[in-house]
2 protein chains.
Amino acid sequence: MYGAVIHAPGDVRYEQREDPQILAPTDAIIRLAASCVCGSDLWDYRGINPVDQPTPMGHEYVGIVEQIGNDVSNVKVGDFVVGSFFASDNTCEICQAGYQSRCEHVEFAGAGGAQAHLLRVPLADGTLVATPGIPDPDLVPSLLAASDVLGTGWYGAVAAEAGPGKTVAVVGDGAVGLLAVLAAKQLGADRIIAMSRHEPRQRLALEFGATDIVTERGDDGVAKIKALTGGLGAHSVIEAVGTQEAMMQAIQSTRPGGHLGFVGVSHGVNLPGEELFYAEIHLHGGPAPVRRFLPDLIDRIWRREIDPGKVFDLTLPLSEVAEGYKAMDERRAIKVLLQP
Amino acid sequence: MYGAVIHAPGDVRYEQREDPQILAPTDAIIRLAASCVCGSDLWDYRGINPVDQPTPMGHEYVGIVEQIGNDVSNVKVGDFVVGSFFASDNTCEICQAGYQSRCEHVEFAGAGGAQAHLLRVPLADGTLVATPGIPDPDLVPSLLAASDVLGTGWYGAVAAEAGPGKTVAVVGDGAVGLLAVLAAKQLGADRIIAMSRHEPRQRLALEFGATDIVTERGDDGVAKIKALTGGLGAHSVIEAVGTQEAMMQAIQSTRPGGHLGFVGVSHGVNLPGEELFYAEIHLHGGPAPVRRFLPDLIDRIWRREIDPGKVFDLTLPLSEVAEGYKAMDERRAIKVLLQP
């Protein structure tokens, strides 16, 4: 098969690779219906994460089960499935508490590289969720979004306790931030402030349910959020970037007693203890336990209640994956869908 | 009147001061029945917080209302009252959400110095809670504890979501840590692990409801908590120190999805974002909104359900306040009660 491999920062190649094999009786092999490029892939592409050796890329996937190990019983060959970037047994105490991304037997489901034709998914029973049938093609992008960016934005909104009566602010206008807006809306938030200075992203935020757009950043952004909330700050803030500036902006935008859900993968962040202490907020975040939300998210997509697939504003054949990275790196695209 | 004034690190004096006056119609003057020395007073005493000028000390207080401003209606002259170290209106949106320590009109109630005979308490209506009558003398230490250390330990336990089915670990064996043990027990926790290497404090922890004592600190302490919790970490961890080591120990002792309540006043702490991200825990803390808990805590004390006053293991006349600081600084006393 062919798939994407990163060789160095800025150097992603579509090249021939070994077909994946069943390695453990709990594995499944799926034939990808679609894959995509993640904001977090750009950390490698931009050289912020080191690239030590040629590495298969991609960790977001939907597709049809092609082969299963002897111990797999929750999905069968021919099922259309959605899975999370973290494989989980979904039975351990941590999974049962809803933290499948920290499963006692967690494995990175993207280890084999999902920007490819085939993917081996470990712990298939606890990782994959079958859709009610083979989806209409127009549902595929939304189901693919559920695999990571929707699940992650949703987790951010849940961690921030977005809901009725709440004013929610979202820091970050990437796919995760935009889908956090969608999640906050679905969870019933009264008011949703999207922080974005990019017109196409602002438009999508409004479409997903944002009621206000704030273009300011840093201290000015915080001042604007305070001005919009009677000087108090938002009840719920979702951080979907992962930088020091974004985290501080998010902390300072949250009112005392409020909730900050942080889902941007943290890079070089150091939180000053004293400021955090006196901020008196709730913090919760980390890699999203997407598996917790998948059945509900698939259901909402299947019933066409939500259309998170709109974050894909560029579709390319998998063979043009390099252009996909380039378009996202240059912010010409919010998110790139790849068709194997 | 006389009261305690710090002149420099290590130099606390009992000296004559002006009697406090009603300055605003929302003030009350109380005649102190008892006051005490707080672990946080030691930050000044040890020169970790700068002492720029002679400063009246003390922010924990119980006593009898001696005078009220024209706008005070919730307490009257002659009432025995307990108040928090932060004065709050208890009516603003933040107070109503339970965060009186971040009241929109918050003032430091200890500004006048509670280690004295008289204290002016601002925002008396929203700060002071009257007891059902004049307490028996043996209840006074417990009511005094409610003013800060009990309220703070309780907040830590609530922030850590201590309760039925939970294993709770407490980092810090000062008065706040010990009372966090008491709080976790009252809130119904199954198992309470106190981290302490001091025999008298261990004994008090066990008396307050601890089921296990861990004497190790740092990485060894974390390993011990993991060993006691099937490798997962505690569901609920309360941090009651405020140092980098204690915070990291607390973070690492919390299982994924678990809750960390941090109430030790943060000094020189910097939290590494990446570790926090992958820890996948809930964090909540800050200066305790003691006022939220006061009615319930006074009720439990009044009905003699709890005896938090046991943390006072040294009682001195107020005139010997300097010795009180010395005894706490040298860890000869857990907490010193001062009798005006």
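Preceding block: the structure.
Procedures and definitions
- Residues numbered from 1 in each chain as written.
- Chains lettered and ligands numbered in written order.
- Predicted model: local features only at pLDDT ≥ 70, side-chain atom pairs only at ≥ 80, totals over all residues.
- Heavy atoms only, no water.
- Least-squares fit on C-alpha atoms with pLDDT ≥ 70 in both.
- Contact = heavy atoms within 4.5 Å.
- Axes fitted to C-alpha atoms, helices over the stretch in contact; angles between N-to-C directions.
- Helix = DSSP H or I, 4+ residues; strand = E, 2+ residues; numbered from the N terminus.
- Parallel < 35°, antiparallel > 145°, perpendicular 65-115°, else oblique.
- Left-handed = near helix turned anticlockwise from the far one by under 90°.
- Nonpolar A, V, L, I, M, F, W, Y, C, P; charged D, E, K, R; others polar.
- Buried < 20%, exposed > 50% of the residue type's maximum accessible area, 1.4 Å probe, protein only.
- Phe/Tyr/Trp six-rings, centres within 6.5 Å; stacked < 30°, edge-to-face > 60°.
- Lys NZ or Arg CZ within 6 Å of the ring centre and 35° of its normal.
- Buried area = accessible area lost by both parts, 1.4 Å probe.
- Salt bridge = Lys/Arg side-chain N within 4 Å of Asp/Glu carboxyl O.
- Pairing = 2+ DSSP bridges.

### As for the relation of the copies chain A and chain B
Relative to chain B, chain A is turned by 180° and slid 0.0 Å along the rotation axis, the superposed coordinates differing by an RMSD of 0.0 Å. Expressed as an axis order, the relation between the two copies is that of a two-fold axis. Most of the interface of chain A is mirrored in chain B, where 100% of its interface residues are also at the interface.

### Here's the deal with the packing of helix H6 (residues 175–186) of chain A against helix H7 (residues 199–208) of chain A
A pair of packed helices is captured by two measures, namely the crossing angle of their axes and the spacing between those axes. Residues and elements named next belong to chain A. The contact between H6 and H7 brings their axes to 8 Å, and the two run at 15°. By the angle between their axes, H6 is roughly parallel relative to H7. The interaxial crossing formed by H6 with H7 has right-handed handedness. Every residue of H7 that contacts H6 at Leu178, Leu179, Val181, Leu182 and Lys185 is listed here: Arg201, Leu204, Ala205 and Phe208. Looking at the contact of H6 with H7 residue by residue, the class counts come to 7 nonpolar, no polar and 2 charged.

### What to know about helix H5 (residues 149–159) of chain A
All names here are of chain A. Of all 11 residues that make up H5, 10 are buried, and the element is covered over most of its length. Along H5, the residues that are buried comprise Val149, Leu150, Gly151, Thr152, Gly153, Trp154, Tyr155, Gly156, Ala157 and Ala159. Positive backbone phi, approximately 55°, marks Glu161, located one or two places after H5.

### Some details on the packing of aromatic side chains
Within the structure shown, the criterion is met by 14 aromatic pairs over all chains. On the numbers, 5.2 Å between centres and 45° between planes, the contact of Phe85 of chain A with Phe86 of chain A is tilted. As far as the burial class goes, Phe85 of chain A and Phe86 of chain A line up, both buried. Seen from their ring centres, Tyr155 of chain B and Phe293 of chain B are 6.3 Å apart, and the 45° between their planes marks the pair as tilted. In this pair, Tyr155 of chain B is assigned in helix H5 (residues 149–159) and Phe293 of chain B in helix H11 (residues 290–302), connecting sequence segments 138 residues apart. Here the aromatic cluster, defined as three or more aromatic residues joined through ring pairs, consists of Phe85, Phe86 and Phe108 of chain A. Positioned over the ring face of Tyr99 of chain A is Arg292 of chain A, at 4.9 Å from the centre of the ring.

### Focus: the interface of chain A and chain B
Between chain A and chain B, the residue contacts involve 36 residues of the former and 36 residues of the latter. Of the roughly 3,200 Å² buried between chain A and chain B on both sides combined, carbon and sulfur atoms contribute 61%. Looking only at chain A, the three residues that lose the most surface to chain B are Arg102, Phe277 and Glu280 of chain A, adding up to 22% of its buried area. Scanning the region where chain A abuts chain B turns up 2 salt bridges.

### A closer look at the sheet that holds strand E4 (residues 55–56) of chain A
Residue and element names in this part refer to chain A. Spatially, E2-E1-E4 is the arrangement adopted by the 3 strands of the open sheet, whose pairing is antiparallel. Two strands close off the open sheet at either side, each with one partner strand: strand E2 (11–16) and E4. Across 6 bridges, the pairing between strand E1 (residues 2–8) and E2 is antiparallel. When the bridges of E2 are listed, Tyr2 appears paired with Gln16.

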